[in-house]
Amino acid sequence: MNNEIKRLSNHITHASGRRKTVCTSSVMAYFGIDPSEYKYSQYIRDINRVLRSRGFAVRSRLSTVVTKKYKTVGAIRERIKALNVPSGAFYIGVSGHVLVMDREGNTVVDTAPRKRDKRQVLELYWVSKAC
């Protein structure tokens, strides 16, 4: 993974109304994809498409990790660690935002960090370099 996180300083809105957002550009940069390498990143499907086109495997882990009891970012940390995945990281979609957790459940990219993270998890994907 890339230690130098290059991100947009502001949102970019295209004529179509679709955007390249600060949080998604930071997530992509974590996986080594520069913001100049893609056009849109406003939606989860855009992130998945770009990651897959750059040779990453992207797999949903929402139903495996998120339950009625464990549904916030803070609550799923231990469950992510318990998955014991060999490599890669998790990107998490919450309302209007995305962030990245490593396989140990530590937040590694979050442009809107929280001390106690009670944001409800809406999407959860495991990303690893495809073989």
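Residues numbered from 1 in each chain as written. Predicted model: local features only at pLDDT ≥ 70, side-chain atom pairs only at ≥ 80, totals over all residues. Heavy atoms only, no water.

Draft legend 1. Representation of the overall build of the chain. Of regular secondary structure, the chain possesses 4 helices and 7 strands. Burial analysis of the chain (131 residues in total) assigns 44% to the buried set. For the chain, the share of sequence-separated contacts (at least 6 apart) that also reach a separation of at least 24 residues comes to 55%. When the accessible surface of the chain is split by element, carbon and sulfur atoms take 47% of a total near 7,400 Å². (Helix = DSSP H or I, 4+ residues; strand = E, 2+ residues; numbered from the N terminus. Buried < 20%, exposed > 50% of the residue type's maximum accessible area, 1.4 Å probe, protein only. Contact = heavy atoms within 4.5 Å. Areas by Shrake-Rupley, 256 points an atom, 1.4 Å probe, with all protein chains shown as cover.)

Draft legend 2. Just the confidence of the model for the chain, in detail. The predicted model of the chain has a mean per-residue pLDDT of 86, with 85% of residues at 70 or higher. Taken together, the stretch residues 1-5 has pLDDT below 50 and engages in 11 contacts with residues farther than four places along the chain or on a different chain. (pLDDT = per-residue confidence, 0-100.)

Draft legend 3. Highlighting helix H1 (residues 22-30). Across the 9 residues of H1, 9 count as buried, placing the element largely inside the fold. The set of residues buried in H1 consists of Val-22, Cys-23, Thr-24, Ser-25, Ser-26, Val-27, Met-28, Ala-29 and Tyr-30. Following H1 by one or two positions, Gly-32 has its phi on the positive side, about 85 degrees.

Draft legend 4. Structural detail: the pairing of strand E5 (residues 97-102). Here E5 lies mainly inside the structure; 6 of its 6 residues are buried. Residues His-97, Leu-99 and Met-101 point to one face of E5 and Val-98, Val-100 and Asp-102 to the other, with burial holding for every one of them. One ladder, built from 6 bridges, connects strand E4 (residues 89-94) with E5; its direction is antiparallel. Paired with Phe-90 across the two strands is Met-101, which belongs to E5. Between E4 and E5, which pair antiparallel in sequence order, lie 2 residues; one of them, Gly-96, sits at a positive phi of approximately 75 degrees. (Pairing = 2+ DSSP bridges.)

Draft legend 5. Looking closely at the sheet that holds strand E7 (residues 123-129). Spatially, E3-E7-E4-E5-E6 is the arrangement adopted by the 5 strands of the open sheet, whose pairing is antiparallel. Because the sheet does not close on itself, it has two edges, and the strands there are strand E3 (56-60) and strand E6 (107-109). Going from strand to strand, the sheet's axes swing by 35 degrees on average, the running direction of each strand aside. Packed onto the sheet, H1 meets E4, E5 and E6 and runs at close to 25 degrees relative to E5. The strands touched by helix H2 (residues 44-53) within the sheet are E3, E4, E5 and E7, with E3 carrying the most contacts at an inclination of about 145 degrees. (Axes fitted to C-alpha atoms, helices over the stretch in contact; angles between N-to-C directions.)

Draft legend 6. Quick look at the nonpolar core. Among the nonpolar cores identified, the biggest contains 20 residues, and Phe-31, Leu-51, Tyr-91 and Val-100 are the most heavily contacted of them. For this core, the secondary-structure elements that each account for two or more residues are H1, H2, E3, E4, E5 and E7. In terms of nonpolar packing, the next biggest core, distinct from the first, is built from 14 residues, Ile-76, Ile-92, Val-94 and Val-121 among them. (Core = buried A, V, L, I, M, F, W, Y, C linked by side-chain atoms within 4.5 Å.)

Draft legend 7. Focus on the packing of aromatic side chains. Under the counting rule described, the total for this entry stands at 3 aromatic pairs. Between Phe-31 and Phe-56, the ring centres sit 5.6 Å apart and the planes meet at 70 degrees, which makes this aromatic pair edge-to-face. Placement of Phe-31 in the loop between H1 and H2 and of Phe-56 in strand E3 is noted, with a sequence separation of 25 residues between them. The class for Phe-31 is buried, based on a relative accessible area of 5%. Counting every residue linked through ring pairs, the aromatic cluster contains Tyr-30, Phe-31 and Phe-56. The cationic tip of Arg-45 hangs over the ring face of Tyr-43; the distance from NZ or CZ to the ring centre is 4.7 Å. (Phe/Tyr/Trp six-rings, centres within 6.5 Å; stacked < 30°, edge-to-face > 60°. Lys NZ or Arg CZ within 6 Å of the ring centre and 35° of its normal.)

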